[in-house]
Amino acid sequence: MIVQTADWPDKLFATLKRANIRQVGYVPDAGHSRLIERCCADAEIRDVVLTTEEEGVAMAAGAWLGGERAALLMQSSGLGNCVNMLSLMRACRFPLLMLITMRGEWEEFNPWQVPMGSIVEPVLGLCEADAYRARTPGDVENATERAVQRAFGDERIAAVILSQELIGKKVWTK
Amino acid sequence: MRLERRAAMATLLADRGDDLLLVPGLGSTAWDAAAVGDNDRNFYLWGAMGGAAMIGLGLALAQPKKRVAVITGDGEMLMGIGSLATIGIQKPANFAIVVFDNGVYGETGMQPSHTQNGVDLLTIARACGITNCLDVRDEAALRDLAARLKRLRETLFARVLIEAAEPPRVLPERDGVALKRRFRASLGL
């Protein structure tokens, strides 16, 4: 169990609230644990736990068809699960706000996280998604606001990339 | 008994009402819906295989006062089979998933799907917590499904057994941006 004490997830949550995000799809993730808790506790946000991240891409398209804004939380490996479904967003110009916690780039114990983590930004680029990276807690709010504007203002795919250094080192042995 | 797909779609969409929002899955169910008649509140899928049910979920959550129906094929449902687990947790009252199960991948040359070899979508839906399930194998059950679609009170999953045939394609608009814009405009968005 990880208890997050940093305040950037709360700032991220506040930004989502200001942006009137009403549906949040996620696959459980340690890096997003605080944000997920905040979303689940909010009566105006429908929290939808997914079996795979691509479900959340399709859900965000449906939300926009119906006039609501969605956000999709994932870790870097989840982006790989989304690639074909991102074609839906590109073909129809649906907005998609992705919040991606990074693995495999800093103090990573598990080498199996590196292959997908190392190609997140090129994959986003190939999928015509704009990436806004937050390296420090102070970057998170600004990066998220820019991604919100890009996604919902321009009906595009925008991803906030939350650096692994921001999230901290996973403890493997106790 | 297996039902003929065009007639089945026509029965389900007869007098559909303004408050029905329809997501036809890619392939034959999209052609079936187009054959019944175009409607601004049809969001035809030309891709996104495996995504129809989740598009429907996002839409149903966003539009709780409208009825939302996803009508898709067995192959499309199988590709997004995990979404039944996700939907089983959410279960919006205004949502229906109807699977036209013909046991084959029609668009790619009628190769057998898993449902021809013992995989039972209805059992899977029930096991995912969707208790309002219908097994449609004849005209009477189809008419019952059509009636239930008009007064949705809990998430409905229906498997409609469909004969493996390929009626002539009726192709709807395929510009995704145009489909999105007209759908949203029809809702005043």
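Just so you know, these numbers come straight off a predicted model, no measurement behind them.

## Examining the overall build of chain B
- Check the secondary structure of chain B and you find 8 helices and 7 strands.
- Its C-alpha atoms give chain B a radius of gyration of 15 Å, within 12% of the compact-globule value 16 Å for 189 residues.
- Along the three orthogonal principal directions, the C-alpha set of chain B runs to about 45 × 35 × 30 Å.
- Burial status across chain B gives 50% buried among its 189 residues.
- Here the analysis covers contacts within chain B between residues at least 6 apart in sequence; of these, 75% occur between residues at least 24 apart.

## Some points on the overall build of chain A
- The secondary structure content of chain A amounts to 9 helices and 6 strands.
- Over its C-alpha trace chain A gives a radius of gyration of 15 Å, about what one expects of a compact globule, namely 16 Å for 174 residues.
- Over its C-alpha atoms, taken along the principal directions, chain A stretches across nearly 45 × 35 × 30 Å.
- For chain A, the residues scored as buried account for 51% of the 174 residues in total.
- Contacts in chain A between residues at least 24 apart in sequence constitute 75% of all its contacts with a sequence separation of at least 6.

## Focus on unusual backbone geometry
- Of note, E155 of chain A is a non-glycine position whose phi angle comes to about 50 degrees, a positive value.
- Assignment of secondary structure puts E155 of chain A in the loop between α8 (140-154) and β6 (157-162).

## So, the pairing of strand β3 (residues 95-101) of chain B
Residue and element names in this part refer to chain B.
- In terms of residue burial, β3 counts as a mostly covered element, since 7 of its 7 residues are buried.
- On β3, burial covers both faces: F95, I97, V99 and D101 on one face and A96, V98 and F100 on the other are all buried.
- Pairing between β3 and strand β7 (residues 156-161): 6 bridges, direction parallel. Paired with I97 across the bridge in β7 is F157.

## A word on the sheet that holds strand β2 (residues 67-73) of chain B
All names here are of chain B.
- Across the sheet, 5 strands lie side by side as β1-β2-β3-β7-β6; this open sheet has parallel pairing. The sheet is open, and its two borders are formed by β1 (20-24) and β6 (132-136), each paired with just one other strand. Along the sheet, successive strands turn relative to each other by an average axial angle of 15 degrees, direction set aside.
- As paired elements, β6 and β7 share 5 bridges and run parallel to each other.

What counts and what doesn't
Residues numbered from 1 in each chain as written. Chains lettered and ligands numbered in written order. Predicted model: local features only at pLDDT ≥ 70, side-chain atom pairs only at ≥ 80, totals over all residues. Helix = DSSP H or I, 4+ residues; strand = E, 2+ residues; numbered from the N terminus. Rg over C-alpha atoms; globule rule 2.2 N^0.38 Å. Buried ≥ 20, exposed ≤ 12 C-beta atoms within 10 Å, placed from the backbone. Contact = placed C-beta atoms within 7 Å. Pairing = 2+ DSSP bridges. Axes fitted to C-alpha atoms, helices over the stretch in contact; angles between N-to-C directions.

Just distances and angles here, no functional claims.
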